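Summary of structural features
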Amino acid sequence: MLDIVRYTFFQNALLGAFLISILCGFIGTYIVTRRLVFISGGITHASFGGIGLGGYLGTNPIIAAMIFAILSAFGVQWMSKKVDVRGDSAIALFWTLGMSIGIICCFLTPGFMPDLPSFLFGSILTIESPDLWLLGALTVIVTILGIFLLRPIQNVALIALTIVASLKMVGIVLAISLLTIPQMTANLFTYNYKHMIGLSIFIGWIDCIIGLYASYILNVPSGATIIFISIIVFIVSKTIKLFYSKFIYNNLSTSQNQ
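First, a word on what this report is: a plain description of the structure on this page. Along each chain, numbering runs from 1 in the same order as the chain's sequence is written. Per-residue local features of the predicted model are confined to residues with pLDDT of at least 70, and side-chain atom pairs are confined, for both listing and counting, to 80 or more; whole-chain, interface and lining totals are unaffected and use all residues. Note that water and hydrogens are dropped before the side-chain values are worked out from all heavy atoms of the structure.

Where helices and strands are cited, they refer to DSSP runs of H or I of at least four residues and of E of at least two residues respectively, numbered from the N terminus. Across its full length, the protein chain holds eleven helices and zero strands. Starting at the N terminus, the α and β elements of the protein chain follow one another as α-α-α-α-α-α-α-α-α-α-α. Whereas a compact globule of 258 residues would reach a radius of gyration of roughly 18 Å, the protein chain reaches 20 Å, a difference of no more than 12%. Here the C-alpha coordinates of the protein chain stretch approximately 75 × 55 × 30 Å along the principal axes. Think of it in three bands: with a 1.4 Å probe and only protein chains considered, a residue is buried below 20% of the maximum accessible area for its type, exposed above 50%, and partly exposed in between. Counting across all 258 residues of the protein chain, residues that qualify as buried make up 48%. Any two residues having at least one pair of non-hydrogen atoms within 4.5 Å are treated as being in contact. Long-range pairs, those at least 24 residues apart, make up 77% of the contacts in the protein chain with a sequence separation of at least 6. Note on areas: these come from Shrake-Rupley sampling with a 1.4 Å probe, and a residue is covered only by the protein chains present in the view. In the form shown here, the protein chain has an accessible surface area of approximately 13600 Å², with 70% of it arising from carbon and sulfur atoms. Where the 12 positive side-chain charges of the protein chain centre and where its 7 negative ones centre are 17 Å apart. Our radius of gyration is a C-alpha quantity, and the globule rule it is checked against amounts to 2.2 Å times the number of residues to the power 0.38. Counting rule for charge: Lys and Arg are taken as positive, Asp and Glu as negative, and neither His nor the chain ends is counted. Each charge is placed at NZ for Lys, CZ for Arg, CG for Asp and CD for Glu.

Dropping the structure here:
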């Protein structure tokens, strides 16, 4: 099984998973602690409009998705603050707008879009050097900025960029999971913001490694396997914490009764 590590495509996948774990560790912790999961889901699906437009116009779909996602994020903030539209309604509007534009453009693109499944469901094993450079640059920027207190609008832009950067890994359908589940698991063991970032990075990286190997052994899509593993890790961690808390409570009760 370890023979696969010698292949370049698997080495790229491991490096990409490591970078995305760092990136999602910072941004995902912000999303979970600030309760921005819904807006992040909206941005994720809105980015599909950029992918469709990029394919239709013959430009890079990822770059188009980044622009569309950032504009959607700013649009949600502008509508909810300046136009007196409820935040959840603004998110729903851009969510459905992006999906509808993406679907229409995909069907209008001559010959359809051959890479559409990878954008929807991810394909981490097909990640290439340009994708790694993009992930690396964004990871460095987010890591540096992560030590400073950013304005909300800047954070929303970084959320949009992180979401699009993770599309190659797990796709639009599952991208939000990569930004929330490892962070939820980390939050079971610590409430300290900085500790939560570090622990979620570690947990996300372990989820990716196990998921990659499991997908290789079972010959199933890697993105879905990574998310499935991360959910299993969360459930196991939650169960262990519940039993541990119950054990501590019973011991304290016994000590007090004596």
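Looking now at the packing of aromatic side chains. A pair of Phe, Tyr and Trp rings is counted when the ring centres sit within 6.5 Å of each other, with Trp represented by its six-membered ring. The angle between the planes then sorts it: under 30 degrees is stacked, over 60 is edge-to-face, the rest tilted. Scanning all chains against the criterion turns up four aromatic pairs. Seen in terms of ring centroids, F9 and F10 are 6.4 Å apart; in terms of plane orientation they differ by 85°. Their pairing is edge-to-face. A relative accessible area of 34% places F9 in the partly exposed class. When its relative accessible area of 1% is taken as the criterion, F10 is described as buried.

Here we come to the pattern of salt bridges. For salt bridges, the criterion is a side-chain nitrogen of Lys or Arg within 4 Å of an Asp or Glu carboxyl oxygen. Counted according to the given criterion, the structure contains one salt bridge. Across the pair D88 and R86 runs a salt bridge whose closest N-O atoms are separated by 2.7 Å.

How far a helix is expected to stretch is found by multiplying one less than its residue total by 1.5 Å. Taking 1.5 Å as the rise per residue, helix α6 (residues 129–145) with 17 residues should run 24 Å; its terminal C-alpha atoms sit 24 Å apart, in good agreement. Taken together, the buried positions of α6 are occupied by L132, L135, G136, L138, T139 and V142.

Glancing now at the packing of helix α1 (residues 8–33) against helix α10 (residues 193–218). Convention adopted: a line fitted to C-alpha atoms gives each axis, helices being fitted over their contacting stretch, and angles between N-to-C directions are expressed from 0 to 180 degrees. Packing of α1 against α10 brings their axes to within 8 Å, and their N-to-C directions diverge by 145°. Considering how the two elements wind past one another, α1 and α10 form a crossing that is right-handed. Residue classes in the contact of α1 with α10 are distributed as 18 nonpolar, six polar and no charged. A clockwise turn of the near helix away from the far one marks a right-handed crossing, whereas an anticlockwise turn of less than a right angle marks a left-handed crossing. Any residue outside Ala, Val, Leu, Ile, Met, Phe, Trp, Tyr, Cys, Pro, Asp, Glu, Lys and Arg is labelled polar, Gly included; the first ten of those are nonpolar and the last four are charged.

Moving on, we get to the nonpolar core. Side chains that are nonpolar tend, in soluble globular proteins, to be buried together. Throughout this description, the term nonpolar core refers to a set of buried Ala, Val, Leu, Ile, Met, Phe, Trp, Tyr and Cys residues connected via side-chain atoms within 4.5 Å. Residues I43 and L135 are the most contacted members of the largest nonpolar core, which totals 61 residues. Counting residues per element, this core draws most heavily on α1, at 13 residues. Setting aside chain neighbours within four positions, we find I43 in contact with A69, A73, V156, I159, A160 and I163.

Let's shift gears to a nonpolar patch on the surface. Residues enter a patch when their relative accessible area is above 30% and they make no salt bridge; the linking distance is 9 Å between like charges and 5 Å between nonpolar side chains (Val, Leu, Ile, Met, Phe, Trp, Tyr). A grouping of F228, I231, I232, I235, V236 and I240 is seen on the molecular surface, where their side chains present a nonpolar patch of about 530 Å² in accessible area. Along the chain, I240 turns up in helix α11 (residues 222–257). On the basis of relative accessible area, I240 is assigned to the exposed category, the value being 52%.

Glancing now at α10. Over its 26 residues, α10 runs 36 Å from end to end, which matches the ideal 38 Å to within 8%, given 1.5 Å per residue. The backbone nitrogen of K194 lies 3.0 Å from a side-chain oxygen of the residue at the head of α10, namely N192. With its phi angle positive at about 60°, N219 sits one or two positions after the end of α10. Any pair of N or O atoms that falls within 3.5 Å is considered a polar contact. Within protein, one atom must be able to donate a hydrogen and the other to accept it, and sequence-neighbouring residues count only if both atoms are side-chain atoms.

Attention now goes to the environment of I22. Looking at the element boundaries, I22 is found in helix α1. Using a relative accessible area of 16% as the deciding quantity, one classes I22 as buried.

Further remarks concern the environment of G49. Inspection of the secondary structure assignment puts G49 in helix α2 (residues 37–57). Separated by 150 residues in sequence, G49 and L199 place their C-alpha atoms 33 Å apart. What G49 contacts, discounting residues up to four positions off in sequence, is F68, G98, I101 and G102.

All we've got here are geometric facts, nothing functional implied.
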